[in-house]
Amino acid sequence: MDGRIPADLGFKATLDQTLVHRSAVSEVFVTDLRPVSDTDVVAAAQLPLNHGYFSDHTQTPAVFDVLLVLEAGRQAAIAGTHAHMGAREGTQMIVDRFAIDTDPAALLCGDRPGELVIDNRFTVVRRRRDRVRAGRVDQVFHVDGVRAGTHSMDVLFLTPGEYEAVRRAQLGGPVPRTSDMTAAPTDVSPASVCRTNPLNVVLADTVTRDGVLSAEVRPRWDNPSLFDHSYDHLPAAVLAEAARQLVLAAPLPDRTGGGPAAPGTRHVTGLRAAFTGFAELTSPVRARTPADAPATGEREVRLEQDGATVAELSLALTDTSHLSTEATPR
């Protein structure tokens, strides 16, 4: 990989937020983007130590959030797609599926922000006339020269007009926006989902019945990270956060005979997600997971709306208690 990384790859200033489809500069993490071939792009990103959403976790030891790494990868993919795959300004990019795996030892937080290098390879999956209609990006993450994980994402591309027509046809009329929504209270405590700030809780009405733990996906619409701009549906990042909070909220098995990791040392370190429809704003979305699944390893989550599945996720839960003594943070 070293031969692909430009010697002057920069970490000092972020890209223009419009290149990564963000509104706030504080929500931009990519700092540089360089083509290294017709299909490959290398990006740099800075991982913050103190962020209102991505750093709000109660687990120890502290590691850079897998969803923060995912967001940095998403931003690099969007900017690279515009710059090197010919995606036009205003193109709507619809995530079809993604898979991310990270090594928490490589993502341990230290006393300075993380310098993430993202090696991207873009593939055109489908092209119609002169426009890319479907694409894929495969990414490899390195932090301080150490391999930290991988990510792949399949995306569909629509023009603004095509997107608006599809959404109006699906809903049969005007499409509501998250900026028009009014927040409803939640009965889920931040501590139960390994958070401290109530603003970052996205679940409500948790119920265990017939061996299944379920909860309504109910985010705070005024969360500036999850809703950096207005959406006409629940975005993938919110659904991924809901799945993470649900598996962290699940009761731990009996610790007799050694038992599983304590709640405060389990991190979600990987996710695989497939989206089968838009999670609309017009009716509740519920997330479901087996209530008696192991404390660590793979956990399955299904998100349903009006009797139909809108997303299926598999999350990797990892016990990171050994990292506090066996690994040295940067």
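Model, not experiment: these values are computed from the prediction. (Residues numbered from 1 in each chain as written. Predicted model: local features only at pLDDT ≥ 70, side-chain atom pairs only at ≥ 80, totals over all residues. Heavy atoms only, no water.)

The helix and strand inventory of the protein stands at four helices and twelve strands. At 20 Å, the protein has a C-alpha radius of gyration in line with the 20 Å of a compact globule built from 330 residues. By principal-axis analysis of the C-alpha atoms, the protein measures approximately 60 × 55 × 30 Å. With 330 residues in all, the protein has 52% of them scored as buried. In the protein, 67% of the contacts between residues at least 6 apart in sequence involve partners at least 24 apart. Element-wise, carbon and sulfur atoms account for 51% of the exposed surface of the protein, whose accessible area totals about 14700 Å². Averaging the locations of the 33 positively and 42 negatively charged side chains of the protein gives two centres separated by 4 Å. (Helix = DSSP H or I, 4+ residues; strand = E, 2+ residues; numbered from the N terminus. Rg over C-alpha atoms; globule rule 2.2 N^0.38 Å. Buried < 20%, exposed > 50% of the residue type's maximum accessible area, 1.4 Å probe, protein only. Contact = heavy atoms within 4.5 Å. Areas by Shrake-Rupley, 256 points an atom, 1.4 Å probe, with all protein chains shown as cover. Lys, Arg positive; Asp, Glu negative; His and termini not counted. Charge placed at Lys NZ, Arg CZ, Asp CG, Glu CD.)

Considering all chains together, one arrives at zero disulfides under this definition. No disulfide involves C109; its sulfur sits 15 Å from the nearest other cysteine sulfur, which is in C194. (Disulfide = S-S within 2.5 Å.)

For helix α3 (residues 236-249), which comprises 14 residues, the first-to-last C-alpha distance of 20 Å matches the rise-based estimate of 20 Å (1.5 Å per residue) to within 8%. In terms of burial, α3 is a largely internal element, eleven of the 14 residues being buried. Every buried residue of α3 is accounted for by V238, L239, A240, E241, A242, A243, R244, Q245, L246, V247 and L248. (Expected span 1.5 Å × (residues − 1).)

Quick look at the side chain of E27 now. With respect to the secondary-structure elements, E27 resides in the segment before β1 (30-35). Not counting residues up to four positions away in its chain, the partners in contact with E27 are R22, H51, F54, Q75, P224, S225 and D228.

The next subject is unusual backbone geometry. Omega for the peptide link from T60 to P61 comes to -5°, which places this bond in the cis form. The residue P61 is located in the loop between β2 (40-47) and α1 (66-84) in this model. Positive phi is not limited to glycine here, since H21 has a value of about 60°. Mapped onto the elements, H21 comes out in the segment before β1. Judged by its relative accessible area of 27%, H21 is partly exposed. Despite not being glycine, D306 has its phi angle at roughly 55°, a positive value. Here D306 falls in the exposed class, since its relative accessible area comes to 65%.

Before going further, it helps to spend a moment on the packing of aromatic side chains. Going through the model one piece at a time under the given rule, you end up with six aromatic pairs. When the ring of F29 is compared with that of F54, the centres are 5.8 Å apart and the planes differ by 80°; the resulting orientation is edge-to-face. Here F29 is found in the segment before β1, whereas its partner F54 is found in the loop between β2 and α1, with 25 residues between them in sequence. We note that F29, like F54, is buried. For the ring pair F227 and Y231, a centre distance of 6.3 Å and an interplane angle of 75° mean the geometry is edge-to-face. F227 sits in the buried class, given a relative accessible area of 9%. Among the residues examined, Y231 registers a relative accessible area of 13% and is labelled buried. A network of ring pairs unites the aromatic residues F29, Y53 and F54 as a single cluster. Positioned over the ring face of F278 is R167, at 4.1 Å from the centre of the ring. (Phe/Tyr/Trp six-rings, centres within 6.5 Å; stacked < 30°, edge-to-face > 60°. Lys NZ or Arg CZ within 6 Å of the ring centre and 35° of its normal.)

What follows covers the pairing of strand β10 (residues 285-290). In terms of strand pairing, strand β8 (residues 212-217) meets β10 through five bridges, oriented antiparallel. Bridge pairing in β10 places V212 opposite P290. Turn length for the β10-strand β11 (residues 297-305) hairpin, with the two strands adjacent in sequence and antiparallel, is six residues. (Pairing = 2+ DSSP bridges.)

Turning next to the side chain of T102. One can find T102 in strand β3 (residues 92-102). Residues within four places of T102 in sequence aside, it is in contact with V66, L107, A148, G149 and T269.

Attention now goes to the confidence of the model for the protein. Here the protein averages 90 in pLDDT, and 92% of its residues register 70 or above. A low-confidence stretch, residues 256-260 stays under pLDDT 50, and its non-local contacts, those more than four residues away or across chains, total five contacts. (pLDDT = per-residue confidence, 0-100.)

So, on to the nonpolar core. One finds L116, L234, L271, L303 and L313 to be the most contacted residues of the largest nonpolar core, which totals 78 residues. Considering each element in turn, this core owes the most residues, ten residues, to α1. If sequence neighbours within four positions are ignored, L313 has contacts with A240, A243, L271, R272, A273, R299, E300, V301 and L303. Listed in part, the five residues of the second largest apolar core include F11, V42, A44 and V117. (Core = buried A, V, L, I, M, F, W, Y, C linked by side-chain atoms within 4.5 Å.)

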